[in-house]
Amino acid sequence: MKIGIISDTHGDMRTIDKAIPYLNKCDLIIHAGDYIDDAEYIYYSTDVKVKCVKGNCDSYNMDGHYELKFSVNNKNFFVCHGHHHDVKMGINSLYRFAKDNNIDFVVFGHTHIPIYETIDNITFINPGSLTYPRGGSDRAFGILTLNDNISYEEIKI
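Residues numbered from 1 in each chain as written. Predicted model: local features only at pLDDT ≥ 70, side-chain atom pairs only at ≥ 80, totals over all residues. Heavy atoms only, no water.

A. Main features of the sheet that holds strand β8 (residues 122-126). Taking strand neighbours across the sheet as the criterion, the five strands line up as β4-β5-β6-β8-β7 in an open arrangement whose pairing is mixed. The two strands at the open ends of the sheet, each matched to only one other strand, are β4 (67-72) and β7 (115-119). This sheet shows a mean twist of 15 degrees between the axes of neighbouring strands, independent of strand direction. Packing of helix α3 (residues 92-100) onto the sheet brings it into contact with β4, β5 (75-80), β6 (105-107), β7 and β8, and relative to β8 it is tilted by some 135 degrees. (Pairing = 2+ DSSP bridges. Helix = DSSP H or I, 4+ residues; strand = E, 2+ residues; numbered from the N terminus. Axes fitted to C-alpha atoms, helices over the stretch in contact; angles between N-to-C directions. Contact = heavy atoms within 4.5 Å.)

Have a look at this one:
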């Protein structure tokens, strides 16, 4: 199974359109917030189911949740934007939450800096920002492959 992971798109449809050919090949897409409405655009552009959460720039939107838990291929996922977990100060809050809730994969955004790191069998993924990268990173998103071997590919746009 291939899962597209994207965050912090901030309404930039031209940049999102560059990711669509890759996301079309996914079985599921996760959008980790900042502009939750972009998730709908991605769905209609790919016809791939999109699971999404609201970010700090989505307070205008009454629909949607700030956090989401679900399972895929017997792996437990937690998705949040990260601002309620102080991710700009590190992933300690997310780590504690994941440990307490038997989470295998934590997907978040907010920092606009890509992360793919595994600690104590918990994998933390921040795809960075498709629109406004920070920390010397490029515009990017990721594709997580879940099969016999788990792999993650950062796609730079």
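B. Examining the environment of H112 more closely. Inspection of the secondary structure puts H112 in the loop between β6 and β7. Taking the C-alpha atoms as reference, H112 lies 11 Å from G82; in sequence the two are 30 residues apart. Beyond its immediate chain neighbours, meaning those up to four positions away, H112 contacts D8, H10, N126, G128, S129, Y132, P133, R134 and S137. A polar contact is formed between the side chain of H112 and the backbone oxygen of Y132, at a distance of 2.6 Å. (Polar contact = N/O pair within 3.5 Å; in protein donor to acceptor, adjacent residues only side chain to side chain.)

C. Summary view of the sheet that holds strand β3 (residues 50-52). Read across the open sheet, the five strands follow the order β3-β2-β1-β9-β10; overall the sheet is mixed. The two strands at the open ends of the sheet, each matched to only one other strand, are β3 and β10 (150-156). Strand after strand, the sheet turns through a mean of 20 degrees between neighbouring axes, direction not considered. Where strand β1 (residues 2-6) and strand β2 (residues 28-31) come together, four bridges link them in parallel fashion. Bridged to I3 within β2 is L28. Those strands touched by helix α2 (residues 37-46) are β1, β2 and β3, and its axis lies near 160 degrees from that of β2.

D. Region of interest: the UniProt feature "domain: Calcineurin-like phosphoesterase" (unreviewed entry) in the protein. UniProt tags residues 1-148 as "domain: Calcineurin-like phosphoesterase" (unreviewed entry). Taken end to end, residues 1-148 has its terminal C-alpha atoms 10 Å apart, with 20% of it in helix and 30% in strand. (UniProt positions renumbered as here; feature names shortened; annotations may be inferred.)

E. Just the side chain of S7, in detail. As for its placement among the helices and strands, S7 is situated in the loop between β1 and α1 (13-23). Overall, the relative accessible area of 0% leaves S7 in the buried class. A distance of 2.8 Å separates the side chain of S7 from the side chain of D8, its partner in a polar contact. Apart from residues no more than four positions distant in its own chain, S7 is found in contact with H31, A32, G33, H81, G109, H110, P127, G128, S129 and L130. (Buried < 20%, exposed > 50% of the residue type's maximum accessible area, 1.4 Å probe, protein only.)

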